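Spelled out from the first residue to the last, the chains are:
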Amino acid sequence: MAEILALVEARLRSALGEPDARAAVTFLGTDRIEVLRFTGGGLVRYATLGMSATPMTDPTAMVADPLRGPRAELVLTVREGRAATDKVLRPLAVLAASPQVEGLVVAPGASLDVGEPLWEGAPFTSVLVAEPGGLVEDLALDEPMDPVQFLPLLPMTPNEAAWKRVHGAAALQERWLARGADLRDPLRSAVPLD
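Residues numbered from 1 in each chain as written. Predicted model: local features only at pLDDT ≥ 70, side-chain atom pairs only at ≥ 80, totals over all residues. Heavy atoms only, no water.

Quick look at the nonpolar core
Among soluble globular proteins, nonpolar side chains are generally buried collectively.
Phase 1: Formed by 28 residues in total, the largest nonpolar core has its most connected members in Tyr46, Leu74, Leu76, Val106 and Trp119.
Phase 2: For this core, the element with the most residues is helix 2 (residues 89-102), which contributes five residues.
Phase 3: With residues up to four places along the chain from it excluded, the contact list for tyrosine 46 reads Val35, Leu36, Arg37, Leu74, Val75, Leu76, Val78, Thr85, Asp86, Val88, Leu89 and Leu92.
Phase 4: Counting residues in each nonpolar core, the second largest holds 17 residues, with Val8, Phe38, Leu139 and Phe150 among its members. (Core = buried A, V, L, I, M, F, W, Y, C linked by side-chain atoms within 4.5 Å. Buried < 20%, exposed > 50% of the residue type's maximum accessible area, 1.4 Å probe, protein only. Helix = DSSP H or I, 4+ residues; strand = E, 2+ residues; numbered from the N terminus. Contact = heavy atoms within 4.5 Å.)

Notes on the packing of aromatic side chains
For any pair of aromatic rings, the description rests on two quantities: the centre-to-centre distance and the angle between the ring planes.
Phase 1: Taken as a whole and judged by the stated rule, the model has one aromatic pair.
Phase 2: A ring pair is formed by tryptophan 119 and phenylalanine 124, whose centres lie 5.9 Å apart and whose planes are at 65°; its orientation type is edge-to-face. The residues tryptophan 119 and phenylalanine 124 share a single accessibility class, namely buried. (Phe/Tyr/Trp six-rings, centres within 6.5 Å; stacked < 30°, edge-to-face > 60°.)

Overview of the packing of helix 3 (residues 158-167) against helix 4 (residues 169-178)
The relative placement of two packed helices comes down to the angle between their axes together with the axis-to-axis distance.
Phase 1: Running from N to C, helix 3 and helix 4 cross one another at 130°; their axes reach a closest spacing of 7 Å. In terms of their interaxial angle, helix 3 and helix 4 are classed as oblique. Counting all contacts with helix 3, which are made through Glu160, Trp163, Lys164 and His167, the residues of helix 4 involved are Ala169, Ala171, Leu172, Arg175 and Trp176.
Phase 2: Among the residues forming the contact of helix 3 with helix 4, the class breakdown is five nonpolar, one polar and three charged. (Axes fitted to C-alpha atoms, helices over the stretch in contact; angles between N-to-C directions. Parallel < 35°, antiparallel > 145°, perpendicular 65-115°, else oblique. Nonpolar A, V, L, I, M, F, W, Y, C, P; charged D, E, K, R; others polar.)

Dropping the structure here:
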């Protein structure tokens, strides 16, 4: 486990540079989750470290496979200086712990809800899990382990999350694109959904 996390952190550093802050959260009955902050180019990126230590397991499986199964870390990117976004550290750690706590398999297209603003004053209470591979390349591990994916998170307002449940992730992403939504703006308002 420690060896995998060292490789994951090395991949994050090679893609995003040196972290300028890190915080650790431990929930009862779970492994420690860290959140690393990378600042540069007018952006702040928050990346989890610890979610990929064990593979995510289908909650209906009788026995959890300690080697096989999807592995992932979460990455959130916001514009720097527009809001006090560092309060997102705990909600991100909660989301990263959800596979251990709830038996959840986090995959592209999924919605993850924290039930409260992601940071103080944020219009977002949930995120859409986007496709990996753009910002941080997948990290291959020794067979038979699955690679670690770095899943981008796109903040959603409650109305956008409700609309996504009805119409799907692809339709919401198309709506954002058509309306020119700046998904990195920590203060953006919801796109018109009518």
